[in-house]
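Residue strings, one per chain:
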Amino acid sequence: MRAPRLPDLERFPELHARWNRRTFIRSAAAGTALVALGGALYRLAGDDLTRQARAETRADGRRRLPPGQRVIRALRDMGGREGPGDARSFRLRVHGAVRTPFELDYAELLRLPQLEQAADVHCVTGWSVLGSVWKGVAVALLAEKAGVRAEARHVIFEAAHGYTTNVALAEATAPAAMVAYRMNGRPFPIQHGAPVRGLVPDLYFWKSAKWLTGIRFVVKDEPGYWEVRGYHNHADPWAEERYG
Amino acid sequence: MTAATPEPPTAVVGEGLKRRWRPWLRAIHRDVGYLAVGLTIIYAVSGLAINHLDDWDPNFTTYPRERAIAPIAADAPDDAAVEQARAALGLGPPRSTYRAGDELHLEYDDRKLVIYGDTGLVVEQGREARFFLRVANWLHYNRGKKAWTYIADAYAVLLLYLAVSGLFMIKGKKGLRWRGAALLALGAAVPIAYVVWSGGPAAEQRATREASERAAREAGERARPSPPPPATP
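The structure reproduced in this document is the subject of the present report. (Residues numbered from 1 in each chain as written. Chains lettered and ligands numbered in written order. Predicted model: local features only at pLDDT ≥ 70, side-chain atom pairs only at ≥ 80, totals over all residues. Heavy atoms only, no water.)

Notes on the overall build of chain B
Piece 1. Counting secondary structure elements, chain B contains 6 helices and 5 strands.
Piece 2. Ordered by position from the N terminus, the helices and strands of chain B form the series α-β-α-β-β-β-β-α-α-α-α.
Piece 3. Within chain B, buried positions represent 26% of all 233 residues.
Piece 4. A total of about 16,700 Å² of accessible surface is found on chain B, and carbon and sulfur atoms cover 64% of it. (Helix = DSSP H or I, 4+ residues; strand = E, 2+ residues; numbered from the N terminus. Buried < 20%, exposed > 50% of the residue type's maximum accessible area, 1.4 Å probe, protein only. Areas by Shrake-Rupley, 256 points an atom, 1.4 Å probe, with all protein chains shown as cover.)

Digging into unusual backbone geometry
Residue and element names in this part refer to chain A.
Piece 1. The amide bond that connects Ala 194 to the next residue, Pro 195, takes the cis arrangement and shows omega of 0 degrees.
Piece 2. Positionally, Pro 195 belongs in the loop between β9 (186-187) and β10 (197-199).
Piece 3. Positive phi values are uncommon outside glycine, yet Asn 184 reaches one of about 55 degrees.
Piece 4. The residue Asn 184 is located in the loop between β8 (178-183) and β9 in this model.
Piece 5. Unlike most non-glycine residues, Trp 211 shows phi in positive territory, near 50 degrees.

Structural notes on the sheet that holds strand β4 (residues 111-116) of chain B
Residues and elements named next belong to chain B.
Piece 1. Ordered in space as β1-β5-β4-β3-β2, the 5 strands form an open sheet in which the pairing is antiparallel. At either end of the open sheet lies a strand with only one pairing partner, and these are β1 (60-68) and β2 (96-100). In this sheet, adjacent strand axes meet at a mean angle of 15 degrees when their direction is disregarded.
Piece 2. Sheet topology places β4 next to strand β5 (residues 121-129); 6 bridges connect them, and they run antiparallel. Note on β5: the bridge partner recorded for Lys 112 is Gln 125.
Piece 3. Along the sheet face, helix α2 (residues 78-89) touches β1, β2, β3 (103-107), β4 and β5 and points at about 65 degrees away from the line of β3. (Pairing = 2+ DSSP bridges. Axes fitted to C-alpha atoms, helices over the stretch in contact; angles between N-to-C directions. Contact = heavy atoms within 4.5 Å.)

Points about the sheet that holds strand β11 (residues 212-218) of chain A
Residue and element names in this part refer to chain A.
Piece 1. The 5 strands lie next to each other as β3-β2-β11-β6-β7, forming an open sheet whose pairing is mixed. Of all strands in the sheet, those bounded by a partner on one side alone are β3 (102-105) and β7 (164-168). Across the sheet, the mean angle separating the axes of adjacent strands is 15 degrees when strand polarity is ignored.
Piece 2. Across 5 bridges, strand β6 (residues 154-159) lies against β7 in antiparallel orientation. Following the sheet pairing, Phe 157 is matched in β7 by Thr 165.

Notes on the interface of chain A and chain B
Piece 1. Taken together, the 25 residues of chain A in the interface contact 24 residues of chain B.
Piece 2. Summed over both partners, the interface of chain A with chain B comes to about 1,700 Å²; 41% of that surface belongs to carbon and sulfur atoms.
Piece 3. Ranking the residues of chain A by area buried against chain B places A:Arg88, A:Arg186 and A:Pro187 at the top, with a combined share of 30%.
Piece 4. Remark: the boundary between chain A and chain B carries 4 salt bridges.
Piece 5. B:Arg127 serves as the salt-bridge partner of A:Glu82, at 3.8 Å between the closest nitrogen and oxygen.
Piece 6. Connecting chain A to chain B are 9 residue pairs in polar contact (both at pLDDT 80 or more). (Buried area = accessible area lost by both parts, 1.4 Å probe. Salt bridge = Lys/Arg side-chain N within 4 Å of Asp/Glu carboxyl O. Polar contact = N/O pair within 3.5 Å; in protein donor to acceptor, adjacent residues only side chain to side chain.)

Points about the environment of B:Ala49
Residues and elements named next belong to chain B.
Piece 1. With respect to the element layout, Ala 49 can be found in helix α1 (residues 9-51).
Piece 2. Ala 49 sits 88 residues away from Asn 137 along the chain, and the two C-alpha atoms are 8.0 Å apart.
Piece 3. Filtering out sequence-adjacent residues up to four positions away, Ala 49 remains in contact with Trp 56, Pro 58, Leu 133 and Asn 137.

Concerning the side chain of A:Lys207
All names here are of chain A.
Piece 1. With respect to the helices and strands, Lys 207 occurs in the loop between β10 and β11.
Piece 2. Polar side-chain contacts of Lys 207 include one of 2.7 Å to the side chain of Glu 227.
Piece 3. Apart from residues no more than four positions distant in its own chain, Lys 207 is found in contact with Phe 157, Thr 165, Asn 166, Val 167, Val 200, Glu 227, His 232, Asn 233, His 234 and Ala 235.

Description of helix α4 (residues 147-167) of chain B
Given 3.6 residues per helical turn, the α-helix brings residues three or four places apart onto the same face.
Residues and elements named next belong to chain B.
Piece 1. Over its 21 residues, α4 extends 31 Å from the first C-alpha to the last, a length consistent with the 30 Å expected when each residue adds 1.5 Å.
Piece 2. Here α4 has its buried residues at Trp 148, Ala 152, Tyr 155, Leu 162 and Ser 165. Take α4 and look down its axis: the buried residues cluster within an arc of 155 degrees, on one side only. Of the residues in α4, the exposed ones pointing more than 90 degrees away from the buried face are Tyr 150, Val 157 and Leu 160. (Expected span 1.5 Å × (residues − 1). Arc of directions from axis to C-beta.)

With respect to the pattern of salt bridges
Residue and element names in this part refer to chain A.
Piece 1. Counted under the stated rule, the structure contains 25 salt bridges over all chains.
Piece 2. Where Glu 56 meets Arg 64, a salt bridge forms, and the shortest distance between an N and an O atom there is 2.8 Å.
Piece 3. Classification of Glu 56 as partly exposed rests on a relative accessible area of 25%.
Piece 4. The exposure class assigned to Arg 64 is partly exposed, which follows from its relative accessible area of 22%.
Piece 5. The partner of Arg 58 in a salt bridge is Asp 202, and the shortest N-O contact between them spans 3.2 Å.

This is the structure:
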């Protein structure tokens, strides 16, 4: 008569001695702790940029790095439904509460007076990219060209597939806000809004709409895609206005 | 001494079956498990990949690549500029071209090149299919249809067998009576608890309806004509 088969660990005592459950759990816990510690050390050691930025102050007296932000080297792909991405089909409609609504194609945009400046951007998810050089056309210039009516108070940045985001007129036409088509001398990759995106650097980055299609001046505020989904209507990074 | 009464053959068969069904179950479970490994890896890996669509593109990697060619004269005709760039880069005819300012855009199916004529800098942005994942996701989505529908159905049946047979593979305190029952209850509790906590599909439907009603209401308010100005005295 055949002896009943024993589980592997009981048939091989040397294996049992090495790998009983307690040893396994202990090893797993130690391994996890080691990996976590290594990850934390790696992150701390590699975060010189953040430390350095925290020590800096902007010309307006605010700290260069808003609270709760960490500096990374390049824009992170945050998803979104991409627009067509090609310069040939690009059109920018400037309309709403203006005297002379108009539409620009890509070549016409490039023919307008250009603005090139370094700017920091801050994503609501906690990363910041500092000091990139952005090139484009100031929103203030487009506003002036369109003749914004005195009663307009807000700007709605319109983008592919109906995405919108709202910015107060004063902030959208601030000197740093622009319709950008180059970053660090390169065109935007499709995932970062090619060919043209908005840039409102002093607000969280979702206010800088990718795949821009229009700029609409409005009298009454119209919360945009993320704003109606629980994100803050204003989005000041220094006040940590992340969620409404 | 009395002769033992022989048991009826059916009882012997029944007893044998009672004793032997578990090894059979295990043996089939093992072989079905081997059979299912390939598809399980495909479905599990691609499931992880497409579950995080918001965070990444599970099918393609995008890449930037830079090169330099001789500058292109600003007054060169468009066709000549395209030919010069193509010759310098060894490229075939593009799907479309576009020239604006100092930029020359060449569009191909899987990549786009922007050439800055004044400096000769070429910025190429393209996308390449991810190894394995592109195919795994294609299978997972059953984009090809046809025979894959039957294969996927058969695989689902095999998985059901693995799940059910797994319950009865061993007996005793590590079987379904003790540890097995506890873990089974825990596993079943996870989706139940999630549905209870989230409100399930009904809550999602309600939220969508409320959002669209709110949007319609707001659109109506925006579209409502403003009252006529008061008559001048």
